[in-house]
Amino acid sequence: ELTVKRMMQMNSSADSIVLEQGVKNPPYYWFFIDLVIYISIMFLIREVYFSQFNFITNGLFWSFSTLLTATVLMRLRQTSWKELGLFKPVNYKKSLLATAFIFAFTIVSIIIFQTIKDQLGLQVDPDMSGEKASSKFEDLSGNWGLFFTIIPFIWLQSALEEILDRGFLINWIEKVLSSTWFATIIAVLAQALIFGFRHSYDISERSITVALIGLAMGIGYVAFGRNLWPLIIAHCLLNTMSMLDRV
């Protein structure tokens, strides 16, 4: 009788372990379904625009809606933001060096693209972001009060983009492709393309430049221990420079 009970307990424990592993490590097609849901919401939510609010408010609404979607999907897969890189740096000196490298690598990538784009004969639409900035952020020229009012929200948006585009997208694409080195390369490239296209919905100088930023951030994420903080700080610095250029 004791032997039978022990066998039943062992079988029950084995079933629990299998069930737990199945929940923690779901098959790849679950992550593919997650990606379809996530990317669909990420683009469809941008069709909602509240005209009574400015562009920054609408942008944060889009990002927080996407963040909520990602968080729900992560809960279903028993994954935390800490696992994806939102954790305290182990070594602050290395994190600062990583931030500096990512920032410099991004700038150099953009400069190289701007230098060789004509030599490559790329037929793309010009970058009109400067002309559109006044309609998005109002006239910043000489308006330091407005600059200091909106820059914290720009930083918040920068952080959300890194959390979602690098933290969530790269990891989920990797899981669809079985988390191999090849999957990592595809994930870094794919998120950069999505990141660039999402900013202008075309193939233009603007979308390519933003895609290069996404590519540099993605490489930095993988190369420096998948900690999101160096990327967030570098992204905030880049956007601060861009806004200062308009003041």
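Note that the structure is a prediction, hence the values are computed from the model and not measured.

Asker: Please explain empty space enclosed by the protein as it appears in this structure.
Answerer: One simple way to see leftover space: roll a probe sized like a water molecule over the atoms. Inspection of the entire model under this criterion finds one cavity of 30 Å³ or more. Volume-wise, the largest cavity comes out at about 60 Å³. Lining of the largest cavity is provided by Tyr38, Met42, Arg46, Ser63, Thr66, Gln157, Glu161, Leu164, Asp165 and Arg198. When contributions to the lining of the largest cavity are tallied by element, the ones reaching two or more residues are helix 2 (28-44), helix 3 (55-76) and helix 6 (144-176).

Asker: Mind showing me how you'd approach the packing of helix 4 (residues 92-116) against helix 8 (residues 205-223) here?
Answerer: Relative orientation and spacing of two packed helices are given, respectively, by the angle between their axes and the distance between those axes. Following both chains from N to C, one finds helix 4 and helix 8 inclined at 150°, their axes separated by 9 Å at the closest point. As helix 4 runs across helix 8, the sense of the crossing is right-handed. Residues Ile102, Phe105, Thr106, Ser109, Ile110, Phe113 and Gln114 of helix 4 form the contact with helix 8, whose participating residues are Glu205, Ile208, Thr209, Leu212, Ile213, Ala216, Met217, Ile219 and Gly220.

Asker: Would you explain the environment of Gln78 in this entry?
Answerer: Checked against the element boundaries, Gln78 lands in the loop between helix 3 and helix 4. Taking the C-alpha atoms as reference points, Gln78 and Pro26, 52 residues apart in sequence, are found 9.9 Å from one another.

Asker: Even after reading the chapter, I still don't get the pattern of salt bridges, so can you show me in this structure?
Answerer: Pairing between side chains becomes possible if they bear opposite charge and their charged atoms approach one another. Counted under the stated rule, the structure contains five salt bridges. The residue Arg77 makes a salt bridge to Asp34 at a minimum N-O spacing of 2.8 Å. Placement of Arg77 in the loop between helix 3 and helix 4 and of Asp34 in helix 2 is noted, with a sequence separation of 43 residues between them. Accessibility assignment for this pair places Arg77 and Asp34 in one class, buried. The residue Glu161 makes a salt bridge to Arg198 at a minimum N-O spacing of 4.0 Å. Taken together, the residues Glu161 in helix 6 and Arg198 in helix 7 (residues 181-200) connect sequence positions 37 residues apart. Classification of Arg198 as buried rests on a relative accessible area of 7%.

Asker: How should I be thinking about helix 8 in this particular structure?
Answerer: Given 3.6 residues per turn, any residue in an α-helix points the same way as the ones three and four places further on. Counted at 1.5 Å a residue, the expected span for helix 8 with its 19 residues is 27 Å, and the 27 Å between its end C-alpha atoms agrees. Among all positions of helix 8, only Glu205, Ser207, Thr209, Val210, Ala211, Ile213, Gly214, Ala216, Met217, Gly218, Gly220 and Tyr221 are buried. Check the buried side of helix 8 and you find it contacts helix 4, helix 6, helix 7 and helix 9 (228-244). Positioned one or two residues after helix 8, Gly225 has a phi angle of 75°, which is positive.

Reading guide: rules and limits
Residues numbered from 1 in each chain as written. Predicted model: local features only at pLDDT ≥ 70, side-chain atom pairs only at ≥ 80, totals over all residues. Heavy atoms only, no water. 1 Å grid on protein atoms, 1.4 Å probe; cavity = no way out; pocket = protein on both sides within 12 Å on 5 of 7 lines; lining within 4 Å. Points joined across faces, edges and corners; volume = space filled by probe spheres on them. Helix = DSSP H or I, 4+ residues; strand = E, 2+ residues; numbered from the N terminus. Axes fitted to C-alpha atoms, helices over the stretch in contact; angles between N-to-C directions. Left-handed = near helix turned anticlockwise from the far one by under 90°. Contact = heavy atoms within 4.5 Å. Salt bridge = Lys/Arg side-chain N within 4 Å of Asp/Glu carboxyl O. Buried < 20%, exposed > 50% of the residue type's maximum accessible area, 1.4 Å probe, protein only. Expected span 1.5 Å × (residues − 1).

Keep in mind that these numbers describe shape and distance, not what the molecule does.
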